[in-house]
Amino acid sequence: MKNLFLWISLLIFQFSFAQETFHTNGAVDERPGVYAFTNATIYIDHQQVLSDATLITKKGKVLASGQNIPIPDEAIVIDLEGKYIYPAFIDPYTNYGISNFVASKSTSNKPQYESERKQAFGWNDNVKSDFDAVDHFAIDKAAAVEYKKLGFGAVSSFRKAGIVRGTALLTNLSESNPNAAIIKGRAAANFSFTKGDTKQQYPKSIMGSVALIRQTYYDAKWYKENPGVEYNLTLEAFNTNRSLPQVFEASGDKLRVLLADNIGDEFGAQYIIKGNGDEYQRIEEIKQTEAPLILPVSFPMAYDVADPLDAREVTLAQMKHWELAPYNAKLLSDAGITFALTTDGLKSKSDFWSALRKIEKTGLSKTVILKSLTTIPASYFGVADEVGALKKGMQANFFIASGDMFEEKSKVIETWVSGEKNPFDELSKSDYAGEYSLEFGDNELKMELIEIETGHSGVLYKADSTIIPLTFKTSENAALLTFDYDSIAYRLSGWIGQGRFGGIGTNALGEEFNWKATELEGADTSGDEAASPNSESEGEIVGETIYPFVAYGWTEKPKQESILFKNATVWTMEDENPLEQADVLVGGGKILKVGENLEAPDALVIDATGKHLTPGIIDEHSHIALSSVNEGSSAIVAEVRMYDAVNSEDINIYRQLSGGVVAAQLLHGSANPVGGQSALVKFRWGSSPEQMKIEGADGFIKFALGENVKQSNWGDHNKIRFPQTRMGVEQVYMDGFTRAKEYGEAKAKYDGLNKKAKAKNAAPRTDLRLEALLEIINQERFITCHSYVQSEINMLMEVAEQFDFTINTFTHILEGYKVAGKMKEHGAGGSTFSDWWAYKFEVRDAIPYNASLMHDAGITVAINSDNAEMARRLNQEAAKSVKYGGMSEMDALKMVTINPAKLLHLDHKMGSIKVGKDADVVLWSDHPLSIYAQAEYTLVDGIVYFSVEKNKELITYINKERSRLINRMLGAKAKGELTQKSAQEEEEFFHCDSEEDGFTETFNDHD
């Protein structure tokens, strides 16, 4: 009876259920569509598992599921003894059925500054909130089959184009009719940091992407609160979409997850964040976001490190990520973080199940894995009562598996979606692979059967080890074996039993005989795999997460402690001369005492006899620790913030700590007259970008003059953006500040209206660009200006004076000695190089006496780096002014300590050794201006972030860890795992003129 029902199920006419609103051309053939799947192990949901259970479906819905339930008379019964039924999976991140990119209309190589869309849309083509994926959706049968082979029954689909990407739909993977397949037409609103297909210049950087999203939120709010001012399809859709789940692709790395959540927090949106698979590297901070995640299951291959020279090209971070990436989901789960899994990012979707099994071997429970593929993605889109489980009334989306799907040999046999059966294997097919003893007539041979894609193949082994090929076929419970033995053809047919076969055979001589095949006990059919040289037990995490996740990262973050430096030469920057044989006590992150013969019983005592203690070096002009530096798409980009591009994983932070640098202003580049807002950070190695911020610091912004801003060396196709001349640069400033002043006046006027008058007048639209310029006018934000030529320096001071504010700092300013008097009168400071010249035409008049001459004129002068390598020796750069300009040693050292602190308005808490200030100090082995001086201890907030001894320990750890990981990779290769070639990661050093987004021409400018 069981086989009869099975045979009926195989022959039954498959159909799609008619749509209520559709007419049928011909006679209506609507069948009951009732199925009973019996004797299976059924996952009702991710955690409720029933054995010997029954699932009953009708017209694509679950009628009942459980044990010992009655079967309707009209049901087609399908016996699934030994089989498993799982709820079909839901992929929350696909572009299934949606055209991924729409080619830009423009074929010109010239930059595009305006939107190409001529209808009533917004100004920027990267904001595509008006795009609804459901309007462009078409069933893709080939892609649907690919998903269903893996057990998926539904997907969320959207177009991967734009920063604000519009809406996604949620659809079943039914192949019959979109009207029947679509579960939710507008299931989510999608965002990203990357823009995709548009050629519109803005934005070209991560800072620009964030700024565009933030401005869109403000514009949409203004649009909603001021109806009738204009009609804007983009903003109309954006406001409508805010009621949907918000999905944000944080492309890049784990730091972008934190950045995306910051945007959501600002505007009251809790994003579902699509991560990158490295979230375990910042698990504590990511947990604090409380953001639900979507995680890829793509893992890096081991590197081929058989050649020691190749091994040297692989970084410690690459090696450790290869080892720890499969543990990402496990570690997040252990931390209580909610996530769903997606196939997005897999090179081949066929790798999906091997990835899931790899995750399960890390110790993550099957329950959590199944939950992340069913009920969690369903809850993300508000359809947990429709899909993701096999409960009464829910859609009967499920797949039938040959066994527990986390076992290597188990396969998806059928996937049912919306009443449609999608067979991928035979329900009755069994795996007969193994070793047998075959007896036929007077002969007994060893037989081995091997499972192949089309069934099985096999061989016989004669006593002399001769191998005889055979064919093996099955049909229902019948078996047929054919082979040639001693030049005689044999044909054996019979029955199939548990671990055995038997029946009647004949040969070409017409002889008939009985035969049987019995499986040999203890035969291992899985194949022996070479063991890794240092294989670990499943679930055991061998490697450690380090902070940051690069070489010299901490396995345990350092902590504040009380430290007493004894008998040092102390350069306080508060006294005219260094204090000899003095003591300094730090504790709680502050300088507690400065004096002689200090005692602190609980403090760590460091003997500083013959050594020098100085304040930590502060770099007024740096571009390290950034993932992007220029938003060069507009003449004014005052709205972009370098805080949005802070990269806490940059090894240059540690390198500069080794040179005594404790803090820096991370500046926007010089691609435009008005650049972005600065990030003032302390080099808290191992901290997140947010934790690196200097608390309570004033706001700064980058301006620029000269060749770069007028695109002098950008190539012939960059002749469109205003300004193209130095005169035009001045006009940009005048126009920008005039508009900002009018903007401020309009805001003040509106704020002064009574409630009735406000109701009749539209509020001024919040403009982030003008907000920043208005802050400058109001002296709430301060300018650091890239400058070279005296005429332009004079021009900018005159512009500032017309709007009643002061230029805070001219940086580079290699002609500062020519205008020192005017700078002093204006109140500007100078941040310069010690002895750079002749690297471009603008610096033809640079001299090494510049810093000394400006200092002598009474200007606050700093020496800056603008260079990742030079920042490690800013003390030596400062010393050059002693040589060239006869500056005193104390004044020279001030140029890299208290003076940059003054220029950055931080001198009340940093830059000198004074009781109550932050414990940012450096202990040098020699005179701090000597080329022989080595930073032995660098403290930030009283925490030792660098010491010579700790550095040695880290080097030992790195060498041991690399050796261990190389051995693991060699073991992986020996086991037959695929490997990838080593490829040296190019370290990216940003300068003022670095350009984003694939810009290849150079500005012919060092800075």
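Residues numbered from 1 in each chain as written. Predicted model: local features only at pLDDT ≥ 70, side-chain atom pairs only at ≥ 80, totals over all residues. Heavy atoms only, no water.

Trainee: Residue-level account of the overall build of the protein, with values.
Mentor: The helix and strand tally for the protein stands at 25 helices and 43 strands. Each of the 1007 residues in the protein was classed as buried or not, and the buried ones make up 57%. Intrachain contacts of the protein at a sequence separation of at least 6 include 69% that bridge at least 24 residues. Of the roughly 42,000 Å² that the protein leaves accessible, carbon and sulfur atoms contribute 47%. (Helix = DSSP H or I, 4+ residues; strand = E, 2+ residues; numbered from the N terminus. Buried < 20%, exposed > 50% of the residue type's maximum accessible area, 1.4 Å probe, protein only. Contact = heavy atoms within 4.5 Å. Areas by Shrake-Rupley, 256 points an atom, 1.4 Å probe, with all protein chains shown as cover.)

Trainee: Before we move on, could you go through the packing of helix 16 (residues 726-751) against helix 18 (residues 768-777) and cite the residues and values that matter?
Mentor: For any two helices packed against each other, the geometry comes down to the angle between their axes and how far apart the axes lie. Orientation of helix 16 relative to helix 18, taken along the N-to-C sense of each, is 90°, at an axis distance of 8 Å. Taken together, the axes of helix 16 and helix 18 lie roughly perpendicular to each other. Here Gly736, Phe737, Arg739, Ala740, Lys741, Tyr743, Gly744 and Lys747 of helix 16 come into contact with helix 18, specifically with Leu770, Glu771, Leu773, Leu774, Ile776 and Ile777. Its residues assigned to classes, the contact of helix 16 with helix 18 shows 8 nonpolar, 2 polar and 4 charged. (Axes fitted to C-alpha atoms, helices over the stretch in contact; angles between N-to-C directions. Parallel < 35°, antiparallel > 145°, perpendicular 65-115°, else oblique. Nonpolar A, V, L, I, M, F, W, Y, C, P; charged D, E, K, R; others polar.)

Trainee: Could you give me a rundown of the confidence of the model for the protein, with the residues and numbers involved?
Mentor: Per-residue confidence for the protein gives a mean pLDDT of 90, with 89% of residues at or over 70. Here residues 1-18 is a poorly scored stretch, pLDDT under 50, and it has 30 contacts once near neighbours within four places are set aside; other chains count. A low-confidence stretch, residues 997-1007 stays under pLDDT 50, and its non-local contacts, those more than four residues away or across chains, total 37 contacts. (pLDDT = per-residue confidence, 0-100.)

Trainee: Would you mind going over the sheet that holds strand 10 (residues 246-249) in detail, with residue names and values included?
Mentor: Reading across the sheet, the 8 strands line up as 6-7-8-9-10-11-12-14 and stay open at both edges, with mixed pairing between neighbours. Pairing within the sheet leaves two strands with one partner each, and these edge strands are strand 6 (89-94) and strand 14 (339-342). Strand-to-strand twist of the sheet, defined as the mean angle between neighbouring strand axes without regard to direction, takes the value 30°. Where strand 9 (residues 182-192) lies against strand 10, 4 bridges are found, and the strand directions are parallel. Counted as the bridge partner of Ala189 is Gln246 from strand 10. (Pairing = 2+ DSSP bridges.)

Trainee: Let's hear about the pattern of salt bridges: which residues, and what values?
Mentor: As enumerated under the stated definition, the model contains 51 salt bridges in all. The partner of Glu266 in a salt bridge is Arg214, and the shortest N-O contact between them spans 2.9 Å. Residue Glu266 is located in helix 6 (residues 254-266), and its partner Arg214 is located in helix 4 (residues 206-225); the two are separated by 52 residues in the primary sequence. For Arg214, a relative accessible area of 8% gives the class buried. The closest approach of N and O atoms between Arg964 and Glu961, which form a salt bridge, is 2.9 Å. (Salt bridge = Lys/Arg side-chain N within 4 Å of Asp/Glu carboxyl O.)

Trainee: Account for the environment of Gly510, naming residues and giving values.
Mentor: Locating Gly510 in the fold gives a position in the loop between strand 24 (500-507) and strand 25 (512-519). Note: C-alpha distance between Gly510 and Tyr490 (20 residues apart in sequence) is 9.7 Å.

Trainee: Can you break down the sheet that holds strand 38 (residues 829-832) residue by residue, with the values?
Mentor: Reading across from one edge, 33-35-36-37-38-39 is the order of the 6 strands in this open sheet, with mixed pairing throughout. The open sheet terminates on both sides in strands that have one partner only, identified here as strand 33 (674-677) and strand 39 (861-863). With direction set aside, neighbouring strand axes in the sheet form an average angle of 25°. In this sheet, strand 39 lies alongside strand 38 in parallel orientation, the contact comprising 3 bridges. The partner of Thr832 across the bridge, within strand 39, is Ile863. Relative to the sheet, helix 19 (residues 790-802) contacts strand 35 (699-704), strand 36 (781-787) and strand 37 (809-812), its axis offset from that of strand 37 by approximately 160°.

Trainee: Can you break down the pairing of strand 5 (residues 84-87) residue by residue, with the values?
Mentor: Note: strand 1 (residues 34-43) against strand 5, 2 bridges, orientation parallel. Within the sheet, the bridge partner assigned to Ile42 lies in strand 5 and is Ile85. By the bridge criterion, 4 bridges tie strand 5 to strand 15 (residues 398-401) in an arrangement that is antiparallel. The residue bridging Tyr84 from the neighbouring strand is Ala401, located in strand 15.

Trainee: So what about the packing of aromatic side chains? Which residues, and what values?
Mentor: All told, the structure shown has 52 aromatic pairs when counted by the stated rule. Residues Tyr280 and Phe549 carry aromatic rings whose centres are separated by 5.6 Å and whose planes lie at 90° to one another, so their mutual orientation is edge-to-face. Here Tyr280 is found in the loop between strand 11 (272-274) and helix 7 (283-289), whereas its partner Phe549 is found in the loop between strand 25 and strand 26 (563-570), with 269 residues between them in sequence. Grouping residues by exposure puts Tyr280 and Phe549 together as buried. (Phe/Tyr/Trp six-rings, centres within 6.5 Å; stacked < 30°, edge-to-face > 60°.)

Trainee: Which residues make up the packing of helix 16 against helix 19, and what values do they have?
Mentor: Contact pair helix 16 / helix 19: the axes reach a minimum separation of 11 Å and the direction vectors enclose 15°. Viewed along their axes, helix 16 and helix 19 adopt a mutual orientation that is roughly parallel. Crossing handedness for the pair helix 16 and helix 19: right-handed. Counting all contacts with helix 16, which are made through Arg726, Val729, Glu730, Tyr733, Met734 and Phe737, the residues of helix 19 involved are Glu792, Met795, Leu796, Val799 and Gln802. Residues belonging to the contact of helix 16 with helix 19 are distributed by class as follows: 7 nonpolar, 1 polar and 3 charged. (Left-handed = near helix turned anticlockwise from the far one by under 90°.)

Trainee: Please provide a residue-by-residue account of helix 5 (residues 233-241), values included.
Mentor: Turning to helix 5, its buried residues are Thr234, Leu235, Ala237, Phe238 and Asn241. Along helix 5, the residues classed as buried sweep out an arc of 160° about the axis, all on the same side. Summarising the contacts, the buried residues of helix 5 are in contact with strand 8 (164-172), strand 9, helix 4 and strand 10. Sitting at the amino-terminal end of helix 5 is Asn232, which places a side-chain oxygen 3.0 Å from the backbone nitrogen of Thr234. (Arc of directions from axis to C-beta. Polar contact = N/O pair within 3.5 Å; in protein donor to acceptor, adjacent residues only side chain to side chain.)

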